[in-house]
Amino acid sequence: MKNCKLSWILVAVLAIVVAALGYKFTVGNVQPSDDGRQAVMLSKDERNTLLLEMRVWLQSSQGILAAASEKDFDAVIKSAQASGMQAEADTPGSLFRKIPVEMKALGFDTRRKFDDIAVEAAKSKDSSLVVKKLSMAMNNCIACHEMYRFVEETK
Ligand code: HEC
């Protein structure tokens, strides 16, 4: 009976340890920001890499709209793929530890949505469906910008 109680205590302690380790990994390198968002603390190079990625996403979004308005679906596909999952290979591994897990999820989902736009353009050749999917993808831009900033770490 006593042993049983002891093992439950052990289970509880282990659960807390595992939860704490998991939390540290998923929470990323963040600090509260005075504008109410979370500041993701990065090196200069990491921040520049991500901001460049962002500018590519903006370029892709405009490229998709311009091409869809002219029903040029090859150009839609090209613009969408420039921001799809394949481009993720350019992202340095060190960022993985610093970016909070919800932010990573939103980022990957955005890339998947760009890939989805390319698939839609190839399949339906329907510019209104392409624009609709882009609009849905851009809800991710809004959601993430509302929550996070990229701030350079000072040493
Ligand atoms: C997973 C989070 C996330 C998503 C999704 C996201 N962004 Fe960003 N973006 C950021 C953060 C964080 C910043 C830096 C904002 C800051 O520090 O104030 C940023 C900055 C930018 C910038 C400024 C770049 C610069 O050079 O300063 C642009 C442009 C931009 N994002 C475009 C987009 C577009 C377009 C989308 C959607 C297609 C998008 N972003 C989706 C997180 C995200």
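Residues numbered from 1 in each chain as written. Predicted model: local features only at pLDDT ≥ 70, side-chain atom pairs only at ≥ 80, totals over all residues. Heavy atoms only, no water.

Asker: Now, about the site of the ligand: what can you tell me, with residues and values included?
Answerer: Around the ligand there are 19 residues in total, and Met54, Arg55, Cys141, Cys144 and His145 lie nearest to it. Here arginine 55 contributes a side-chain N or O atom positioned 2.7 Å from an oxygen atom of the ligand. Between the ligand and histidine 145 there is a distance of 2.8 Å, counted from a nitrogen atom to a side-chain nitrogen or oxygen. Those elements that provide at least two residues to the shell around the ligand are α2 (44-69), α5 (101-124), α6 (127-147) and β3 (148-152). In terms of residues, the shell around the ligand owes the most to one element, α2, which gives 6 residues. The residue makeup of the shell around the ligand, split by class, is 11 nonpolar, 5 polar and 3 charged. (Near = heavy atom within 4 Å. Polar contact = N/O pair within 3.5 Å; in protein donor to acceptor, adjacent residues only side chain to side chain. Helix = DSSP H or I, 4+ residues; strand = E, 2+ residues; numbered from the N terminus. Nonpolar A, V, L, I, M, F, W, Y, C, P; charged D, E, K, R; others polar.)

Asker: Quick one: what's the story with the pattern of salt bridges, residue by residue and with numbers?
Answerer: On inspection of all chains with the given rule, the structure shows 10 salt bridges. Ionic pairing is found between lysine 98 and glutamate 46, a salt bridge with its closest N-O pair at 2.8 Å. Taken as a pair, lysine 98 in helix α4 (residues 94-98) and glutamate 46 in helix α2 lie far apart in primary sequence, 52 residues in all. For lysine 98, a relative accessible area of 9% gives the class buried. Among the salt bridges present, the one from glutamate 88 reaches arginine 111, with a minimum N-O distance of 2.6 Å. Residue glutamate 88 is located in the loop between α3 (73-81) and α4, and its partner arginine 111 is located in helix α5; the two are separated by 23 residues in the primary sequence. (Salt bridge = Lys/Arg side-chain N within 4 Å of Asp/Glu carboxyl O. Buried < 20%, exposed > 50% of the residue type's maximum accessible area, 1.4 Å probe, protein only.)

Asker: Can you explain the packing of aromatic side chains? Please cite residues and give values.
Answerer: Under the defined criterion, the tally for this structure stands at 2 aromatic pairs. Between tryptophan 57 and phenylalanine 114, the ring centres sit 6.2 Å apart and the planes meet at 50°, which makes this aromatic pair tilted. Taken together, the residues span a long stretch of sequence, with tryptophan 57 in helix α2 and phenylalanine 114 in helix α5 at a distance of 57 residues. (Phe/Tyr/Trp six-rings, centres within 6.5 Å; stacked < 30°, edge-to-face > 60°.)

Asker: Kindly report on the packing of α2 against α3, identifying the contributing residues and their values.
Answerer: Following both chains from N to C, one finds α2 and α3 inclined at 170°, their axes separated by 8 Å at the closest point. The angle between the axes of α2 and α3 places the two elements in the roughly antiparallel class. Of the residues in α3, those touching α2 at Ser60, Gly63, Ile64, Ala67 and Ala68 are Ala75, Val76, Ser79 and Ala80. (Axes fitted to C-alpha atoms, helices over the stretch in contact; angles between N-to-C directions. Parallel < 35°, antiparallel > 145°, perpendicular 65-115°, else oblique. Contact = heavy atoms within 4.5 Å.)

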